[in-house]
Amino acid sequence: MPYVVTQSCCSDASCVVACPVNCIHPAPGEPGFLESEMVYVDPAACVDCGACTTACPVGAIKPHTMLDETELPFIALAESYYAEFPHADRAPLAVVEKTPRVDAGRELRVAIVGAGPAAMCAADELLKSPGVTVDVFDRLATPYGLVRAGVAPDHQRTKQVTDLFAAIEEQPGFGYHLNVEVGTHVSLDDLHRHYHAVIHASGAAHDRPLGIEGEEMAGSESATAVVGWYNGHPDHQDAYVDLSHERVVVIGNGNVALDVARILATEPASLAASDIPALPLAALRGSAVREVVVLGRRGPEHAAFTMPELIGLAARPDLDIVIDNQGLPIVGDSPKLDLLREIAARPRRAGTRRIVLRFNTAPVRILGDGVVGAIEVTGTASGPDGVVPTGPTELVETGLVLRSVGYRAVEIPGLPFDPVTATVPNEGGRVAPGSYVAGWIKRGPRGFIGTNKSCAEETVASLIADANAGLLPEPTGSRAAFADLLRRNRPEAIDLVGWRAIDAAERAAGLTRGSAREKLLDPGEIGAVVAPGASTVRR
Ligand SMILES: Cc1cc2nc3c(=O)[nH]c(=O)nc-3n(C[C@H](O)[C@H](O)[C@H](O)COP(=O)(O)OP(=O)(O)OC[C@H]3O[C@@H](n4cnc5c(N)ncnc54)[C@H](O)[C@@H]3O)c2cc1C
Ligand SMILES: NC(=O)c1ccc[n+]([C@@H]2O[C@H](COP(=O)([O-])OP(=O)(O)OC[C@H]3O[C@@H](n4cnc5c(N)ncnc54)[C@H](OP(=O)(O)O)[C@@H]3O)[C@@H](O)[C@H]2O)c1
Ligand code: SF4
Ligand code: SF4
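What counts, and where the lines are drawn
Residues numbered from 1 in each chain as written. Chains lettered and ligands numbered in written order. Predicted model: local features only at pLDDT ≥ 70, side-chain atom pairs only at ≥ 80, totals over all residues. Heavy atoms only, no water. Pairing = 2+ DSSP bridges. Helix = DSSP H or I, 4+ residues; strand = E, 2+ residues; numbered from the N terminus. Axes fitted to C-alpha atoms, helices over the stretch in contact; angles between N-to-C directions. Near = heavy atom within 4 Å. Nonpolar A, V, L, I, M, F, W, Y, C, P; charged D, E, K, R; others polar. pLDDT = per-residue confidence, 0-100. Contact = heavy atoms within 4.5 Å. Polar contact = N/O pair within 3.5 Å; in protein donor to acceptor, adjacent residues only side chain to side chain. Areas by Shrake-Rupley, 256 points an atom, 1.4 Å probe, with all protein chains shown as cover.

(A) Quick peek at the sheet that holds strand E14 (residues 353-358). Read across the open sheet, the 6 strands follow the order E10-E18-E11-E12-E14-E13; overall the sheet is parallel. Strands with a single pairing partner mark the edges of an open sheet, and in this sheet they are strand E10 (220-222) and strand E13 (319-324). For this sheet, the mean inter-axis angle between neighbouring strands, taken without regard to orientation, is 20 degrees. The pairing of E13 with E14 spans 6 bridges and is parallel.

This is the structure:
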């Protein structure tokens, strides 16, 4: 009964290290590790011990007898990986690199800006050294970054990684300052005066504009805003999401584009038990959308979505997936192209909601009378000069155009910034002794939740090396002095106890609705839960 990996996974390799027979690949140090979309269990070598299932933070590994219908293609996917990359060496891998530790007797106070996966993994790594305390700041009243406000509501299993984050919060030395924006409520200088080191893990929350005519019109939105809207992100509750037209067009074909297309095309009843807030759920219930067209400017061989996401989409019984390759055959040899060919051959069912994966098509301009009415698109060819429009052009009628062409970080005052990659230049996470980066602000908006674990480990190793070499400046202010400053500047700051109260209230309200949680969106409601009877939380 071999075990099977069933998700785009993190490549954090917890499972690899747990496996007694080294049958999960690519492993650290092997070609493809950290670049592969996922890891694979070798069905011929797995001894069914189950150790990997307990090691995996997101429940991605299952015995093959427990797979549901939609997960069966992952068996063939693993087989095809091992047919191409046989791994003959079965020596147990437990050659885990020793995490560096802060020298005994050394006290270290670290501030982490952001409470997303990169921050939580960095905190976990730091707290393995006795004498280290970590304060995690987030501008939102709730932690977990894009795991809470990005991961799609129909991916509740992925959100289970928050159980791991909750365990990290339990560790002595961990503290939260939520509802505190660094740069607004406290300055970077404030942090450097009170902490030995600051790790910036503030992500890349901004959308990338396309720069085409009509982009500013009502009805032309970013996927960033729509994702935030259906996930209860406070910045995006006013997003313009007009679902009164039959067709939505999404530009870009990465995993975010597929997320958005799925959620907008999904039968809303199937989302009711998730953590989607009541308002977007109600809007989806009243939606007229029957078709979501996902535009890829290049051919299927360059599709940015990953194989596990395509497998999940292809298995949806309630949706027709239509492949539109502009009349061209899908050529090439890979599991993704094989699956696209198989999907393309499927018959369409009348009356079924559709997601159209349209390739070799780029947007030209958005048209409308103040409000989007159509998008003009062109056929393309890709070559050494990139993607070039070849025509013909076509008008596609729609009331909602969503650009999903990647995320972008903004410059952090006081830190260097590379405007091309929109990242903070660093070496192994070090910007300068005392100043570090982790996650998407460090390496750009790419990768899965678990990718941030190895990323954060590298950063923490650099920080600890600097600490042990005596390179970190001694803070002039004490922890108590910082607490005073925060009380003055941001009395509405929320600590770990406050977050636990919010979490419990959301779960309890979810029980009433029959959902995973009912997110608290209103600052007044959050304030009442955090400090009953006290003043409300300001945004
Ligand atoms: C829409 C979407 C869906 C995704 N779905 C999946 C998925 O299903 N599976 C998967 O493996 N990966 C998924 N990913 C990728 C994954 O979410 C990222 O790899 C990960 O969240 C990046 O972590 P981070 O900590 O760098 O950034 P983030 O998660 O963005 O966290 C950054 C945090 O910093 C805070 N912050 C920013 N500025 C400040 C400031 N000045 N002061 C205080 N706090 C600040 C923000 O509020 C935020 O909480 C998805 C990504 C997106 C965009
Ligand atoms: N379930 C999951 O595991 C999950 C879910 C969501 C996100 N994520 C991860 O989060 C990261 C970000 O995802 P993402 O979807 O935002 O980014 P992405 O994977 O980089 O995809 C961006 C898409 O936008 C297209 N694009 C860029 N500029 C364009 C332009 N000017 N015109 C038309 N198309 C353009 C790209 O096409 P080209 O390829 O031609 O440039 C690509 O199709 C990824 O690593 C993703 O895997 C994971
Ligand atoms: S079940 Fe055991 S042998 Fe099989 S992949 Fe998991 S850890 Fe390795
Ligand atoms: S999510 Fe991480 S632990 Fe789980 S299967 Fe993937 S690499 Fe292994």
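Additional details are given in the paragraphs that follow.
(B) Broad picture of the site of ligand 3. Around ligand 3 sit 14 residues in total, of which Cys19, Cys46, Cys49, Gly50 and Cys52 are the nearest. A breakdown of the residues in the shell around ligand 3 according to their chemical character gives 12 nonpolar, 1 polar and 1 charged.

(C) Seen up close, the confidence of the model for the protein. Mean pLDDT for the protein: 91, with 96% of residues reaching 70 or above. Long-range and interchain partners of residues 535-539, a stretch whose pLDDT sits below 50, account for 15 contacts in this model, where long-range means more than four residues apart.

(D) Representation of the side chain of Ser435 in the model. Here Ser435 is to be found in strand E21 (residues 435-437). Apart from the residues within four sequence positions on either side, Ser435 is in contact with His192, Val198, His200, Leu415, Gly429 and Arg430.

(E) Structural view of the site of ligand 1. Around ligand 1 sit 32 residues, and of these Asp138, Leu146, Val182, Trp440 and Ile449 come closest. Here a nitrogen atom of ligand 1 sits 3.0 Å away from a polar atom, N or O, in the main chain of Arg139. Taking Val182, its main chain carries an N or O atom lying 3.0 Å from a nitrogen atom of ligand 1. The protein chains hide 89% of the 1,000 Å² of surface that ligand 1 would expose on its own. Of all the secondary structure elements, the ones that give two or more residues to the shell around ligand 1 are helix H4 (117-126), strand E6 (132-138), helix H5 (145-149) and helix H9 (255-265). Classifying every residue of the shell around ligand 1 by side-chain character gives 17 nonpolar, 11 polar and 4 charged.

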